Amino acid sequence: MSTTAIATRGLSRRYGTKTALKELELTVEHGEIFGLLGHNGAGKTTTVTLLTTLLEPTSGTATVAGFDVSSDPRNVRANIGYLPENVRLYDNLTMRENLRFFGRLSGVINVDHRIAETLDFLEFTGHENERLSTFSKGMRQRVGIAQAILHLPSVLFLDEPTSGLDPQGVKTLRETIVRMNRELGMTVFMNTHLLSEVTAWATNDEKRGHRHSLRDSQRLPGPPPTHTPGRLSRHDRGVKHHRMVDEPDRHSCLQPSSPGWPDNRT
Ligand SMILES: Nc1ncnc2c1ncn2[C@@H]1O[C@H](COP(=O)(O)OP(=O)(O)OP(=O)(O)O)[C@@H](O)[C@H]1O
């Protein structure tokens, strides 16, 4: 079996004359947690939308879990989970009803059993019969994660997963991501515009090289508890990231000195 979970070659997407994504080249191996880093508008959501088969590339290719996103989207979808930035759930249904609905759509067998197992794994039991309209942002997101992993996908996509969460929510989410990776063996592909999201996993000397091509994919070790600037230590589970920086006018480069450079260290 191939060790490659995701591979893109020249992956591009245009909207009319607007280039949303230009010739993305990246490879993610099975078992990795991968962070796609870029400012607002850099093309992160477009990338995830292409990789989850919700959008067709205008040129280039991509495979996910060994299947081509253009010629074999059904098999891609069967092998992935997806948590969009703004998770869409049914507010007037309970958590169990929501999960049943999504589980059945994904063809999950014995769906109630899987719901129980999944909520147990996420340490989120006790709210099954409550309506989503009463849930906080953090709780809704956990329902979103539950629906994304109900069918035990091999590759999990998370679009700006910490967006709108409080610090405790961010901490819980990071721990959950690591557990899904280590205990369920899921490859995790995560979009973020926050450098801190990537560095949270890793020691880093990765603030160097402010302007990179899209080929600047770098392996980070992670997730250790502390951060050792200037040095990469070895870790058996690599966390890779890829900075979506290109021409300054297109991607408003990620630079530590930029006004928009994230300064939070949640
Ligand atoms: N449907 C669309 N039609 C036209 N342009 C679009 C469309 N979707 C995205 N774009 C443009 O493509 C570029 C990339 O958008 P995308 O949403 O992928 O960026 P992003 O990195 O995810 O940004 P954000 O962090 O703000 O979500 C942006 O300039 C955006 O305005």
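Attention here is on the structure that accompanies the text. Please read these numbers as outputs of a predicted model, since none were measured by experiment.

On to unusual backbone geometry. Keep in mind that most residues, glycine aside, have a negative phi and that most peptide bonds are trans. The residue Glu23 is not glycine, and still its phi comes out positive at about 45 degrees. For Glu23, the position within the fold is in strand S2 (residues 18-29). Despite not being glycine, Thr53 has its phi angle at roughly 70 degrees, a positive value. Tracing the backbone through its elements, the reader meets Thr53 in the loop between helix H1 (44-51) and strand S4 (59-64).

On the basis of which strands lie adjacent, the open sheet formed by four strands has the order S2-S1-S4-S5 and antiparallel pairing. Only two strands of the sheet have a single partner each, and these edge strands are S2 and strand S5 (67-68). Inspection of the sheet shows strand S1 (residues 4-15) paired to S2 by eight bridges, in the antiparallel sense. Residue pairing across strands places Arg14 opposite Thr19, the latter belonging to S2. Contacts from H1 reach S1, S2 and S4, with the element oriented near 120 degrees to S1.

Here the distance between the centres and the angle between the planes together describe a pair of aromatic rings. Summed over all chains, the structure comprises six aromatic pairs. Put simply, the rings of Phe34, Phe157 and Phe189 touch in pairs and so form one group of aromatic residues. We note Arg13 situated over the ring of Tyr15; from NZ or CZ to the ring centre the distance is 4.9 Å. Across the ring face of Phe121, the terminal group of Arg179 is positioned such that the distance to the ring centre comes to 4.2 Å.

As a further point, take the site of the ligand. Surveying the vicinity of the ligand reveals the residues Tyr15, Lys18, Ala20, His39, Asn40, Gly41, Ala42, Gly43, Lys44, Thr45, Thr46 and Glu160. Lys18 places a polar side-chain atom, nitrogen or oxygen, 3.0 Å from an oxygen atom of the ligand. Contacts to the ligand include Lys44, whose side-chain N or O atom sits 2.8 Å from an oxygen atom. Of all the secondary structure elements, the ones that give two or more residues to the shell around the ligand are S2 and H1. The element best represented in the shell around the ligand is H1, accounting for three residues.

Moving on to the nonpolar core. Formed by 33 residues in total, the largest nonpolar core has its most connected members in Met95, Leu99, Phe124, Val143, Ile177 and Met180. Top element by residues in this core is helix H5 (residues 137-149). It accounts for six residues. Residues within four places of Met95 in sequence aside, it is in contact with Leu119, Phe124, His127, Glu128, Glu130, Leu132, Phe135 and Val143.

How each quantity is defined
Residues numbered from 1 in each chain as written. Predicted model: local features only at pLDDT ≥ 70, side-chain atom pairs only at ≥ 80, totals over all residues. Heavy atoms only, no water. Helix = DSSP H or I, 4+ residues; strand = E, 2+ residues; numbered from the N terminus. Pairing = 2+ DSSP bridges. Contact = heavy atoms within 4.5 Å. Axes fitted to C-alpha atoms, helices over the stretch in contact; angles between N-to-C directions. Phe/Tyr/Trp six-rings, centres within 6.5 Å; stacked < 30°, edge-to-face > 60°. Lys NZ or Arg CZ within 6 Å of the ring centre and 35° of its normal. Near = heavy atom within 4 Å. Polar contact = N/O pair within 3.5 Å; in protein donor to acceptor, adjacent residues only side chain to side chain. Core = buried A, V, L, I, M, F, W, Y, C linked by side-chain atoms within 4.5 Å. Buried < 20%, exposed > 50% of the residue type's maximum accessible area, 1.4 Å probe, protein only.

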